[in-house]
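# Descriptive analysis of the structure
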Amino acid sequence: MMRWVAIGALCLALLFAGVSSYLVWRNGHLREDLDATTRRLRVAERQADDARQTADVLSAHIKRMQEDRRTYDADLRRLREQEGYHAPLSDFLGDVFDRL
């Protein structure tokens, strides 16, 4: 009877050793998957930050261009008022208008 108990205990020990080695192996693969996913997440976050910075820069450029456009429109209105709206522009003012 003692022999059967010893064989049973040995089989249980081998079973536990096999299960624990499988769990260690699976844990290693899951850890590798987690590391790869973490790296991909960091890259995606950096790309999102770059996109936000690009959007901020583009917004600033658009705002500056709108301000320039308003300034040019005001200058053009002022020039038209000086020369008269329907009167032809002088050569100097025509060149200025062409440059705008």
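Before going into details, it helps to say that this report is about the structure given with it. Since the model is a prediction, treat every value here as computed from it, not as a measurement.

## Observations concerning the overall build of the protein
Each helix and strand in the protein was counted, giving two helices and zero strands. Since a compact globule built from 100 residues should have a radius of gyration of about 13 Å, the 39 Å found for the protein marks it as more spread out than a globular shape. In terms of principal-axis extent, the alpha carbons of the protein reach across some 120 × 15 × 15 Å. Relative to its full complement of 100 residues, the protein shows a buried share of 4%. Approximately 9,100 Å² of the protein is accessible, and the part contributed by carbon and sulfur atoms is 61%. For the protein, the distance from the average position of its 16 positive side-chain charges to the average position of its 16 negative side-chain charges is 13 Å.

## Digging into the packing of aromatic side chains
All told, the structure shown has one aromatic pair when counted by the stated rule. Aromatic pair tyrosine 22 and tryptophan 25: ring centres 6.0 Å apart, planes at 35°, arrangement tilted. With tyrosine 22 and tryptophan 25 both in helix 1 (residues 2-83) and three residues apart, this pair spans about one turn of that helix.

## What about a positive patch on the surface?
A cluster of basic residues, Arg39, Arg40, Arg42 and Arg46, forms a positive patch at the surface. Relative to the helices and strands, arginine 42 is located in helix 1. We classify arginine 42 as partly exposed; its relative accessible area is 45%.

## Considerations on a nonpolar patch on the surface
On the surface, Leu12, Leu15, Phe16, Val19, Tyr22, Leu23 and Trp25 cluster together to form a nonpolar patch covering roughly 750 Å² of accessible area. Structurally, the position occupied by leucine 15 is in helix 1.

## Examining the environment of aspartate 98
Assignment of secondary structure puts aspartate 98 in helix 2 (residues 91-99). Given the relative accessible area of 63%, aspartate 98 is considered exposed. Considering only alpha carbons, one finds aspartate 98 and leucine 58, 40 residues apart in sequence, at a separation of 27 Å.

Calculation criteria
Numbers given to residues run from 1 along each chain, matching the order in which its sequence is written. Per-residue local features of the predicted model are confined to residues with pLDDT of at least 70, and side-chain atom pairs are confined, for both listing and counting, to 80 or more; whole-chain, interface and lining totals are unaffected and use all residues. Side-chain measures here rest on the full set of heavy atoms in the structure, leaving out hydrogens and waters. Under the scheme used here, helices are H or I runs from DSSP no shorter than 4 residues and strands are E runs no shorter than 2 residues, and both carry numbers assigned from the N terminus. In this description the radius of gyration comes from C-alpha coordinates, and the expected globular size is given by 2.2 Å times residues to the power 0.38. Burial status follows relative accessibility: with a 1.4 Å probe on protein chains alone, a residue under 20% of its type maximum counts as buried, one over 50% as exposed, and anything between as partly exposed. Here the Shrake-Rupley method, with its probe set to 1.4 Å, supplies the accessible areas, and only the displayed protein chains count as covering residues. Here Asp and Glu are counted as negative and Lys and Arg as positive; His is not counted, and neither are the chain ends. Lysine's charge is taken at NZ, arginine's at CZ, aspartate's at CG and glutamate's at CD. What counts as a ring pair is set by centres within 6.5 Å for rings of Phe, Tyr and Trp (its six-membered ring), and what kind of pair is set by the plane angle: stacked under 30 degrees, edge-to-face over 60, tilted for all other angles. By definition, no residue in a patch forms a salt bridge, and every one has over 30% relative accessible area; like charges are joined within 9 Å, nonpolar side chains (Val, Leu, Ile, Met, Phe, Trp, Tyr) within 5 Å. Think of a salt bridge as a Lys or Arg side-chain nitrogen and an Asp or Glu carboxyl oxygen that are within 4 Å of each other.

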